[in-house]
Amino acid sequence: MKEFFVKTERKCQVIDITPRVQTIVAQDGSTDGLCCVFVPHATAAVTINENADPNIGEDLQDALTKLVPEGVWRHDRIDDNAAAHIKATIIGPSEMVPVKDRRLVLGTWQSIMLVEFDGPRERRVIVQIR
Ligand code: ZN
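Anyway, here's the lowdown on the structure attached to this text. (Residues numbered from 1 in each chain as written. Predicted model: local features only at pLDDT ≥ 70, side-chain atom pairs only at ≥ 80, totals over all residues. Heavy atoms only, no water.)

**Here's the deal with the overall build of the protein chain**
Moving on, step 1. A tally of regular secondary structure across the protein chain gives four helices and eight strands.
Moving on, step 2. Walking the protein chain from its N terminus toward its C terminus, one meets helices and strands in the order β-β-α-β-β-α-α-α-β-β-β-β.
Moving on, step 3. By the compact-globule yardstick of 14 Å for 130 residues, the protein chain fits well, its C-alpha radius of gyration being 15 Å.
Moving on, step 4. For the C-alpha atoms alone, the extent of the protein chain along its principal axes is close to 50 × 30 × 20 Å.
Moving on, step 5. Expressed as a percentage of its 130 residues, the buried residues of the protein chain come to 39%.
Moving on, step 6. Summarising the internal contacts of the protein chain: among those between residues at least 6 apart in sequence, 81% fall at separations of at least 24.
Moving on, step 7. Roughly 7300 Å² of accessible area belongs to the protein chain as shown, and the carbon and sulfur atoms make up 53% of that amount.
Moving on, step 8. For the protein chain, the distance from the average position of its 16 positive side-chain charges to the average position of its 19 negative side-chain charges is 5 Å. (Helix = DSSP H or I, 4+ residues; strand = E, 2+ residues; numbered from the N terminus. Rg over C-alpha atoms; globule rule 2.2 N^0.38 Å. Buried < 20%, exposed > 50% of the residue type's maximum accessible area, 1.4 Å probe, protein only. Contact = heavy atoms within 4.5 Å. Areas by Shrake-Rupley, 256 points an atom, 1.4 Å probe, with all protein chains shown as cover. Lys, Arg positive; Asp, Glu negative; His and termini not counted. Charge placed at Lys NZ, Arg CZ, Asp CG, Glu CD.)

All we've got here are geometric facts, nothing functional implied.
Structure, rendered in structure tokens:
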């Protein structure tokens, strides 16, 4: 198991982590297999989508904010971040990507994204290849 850390800079942010995951995949002993990218956090998530247009990340955040309003949930009485928990649950904490010849098998427009919903924070990203 390998890991790296990402410091997010805003409350809501989408960060392309593909180069860091690809570096781990290239250094791993397996030429072919599956790469699991996982965040051990309850208010951040991992997804795969386009990075060529950064508006897609902003649009994703805006769409989730329309779906999940702020400040109306039971958990907000505890630490005021229920919307972040719900959004993280919708997107999910992990993605699985095939590996071939020590390369992530991603589509031309696909990138692996860390999705922050309650930043800024330091986020841990775990990469497991089998
Ligand atoms: Zn909370």
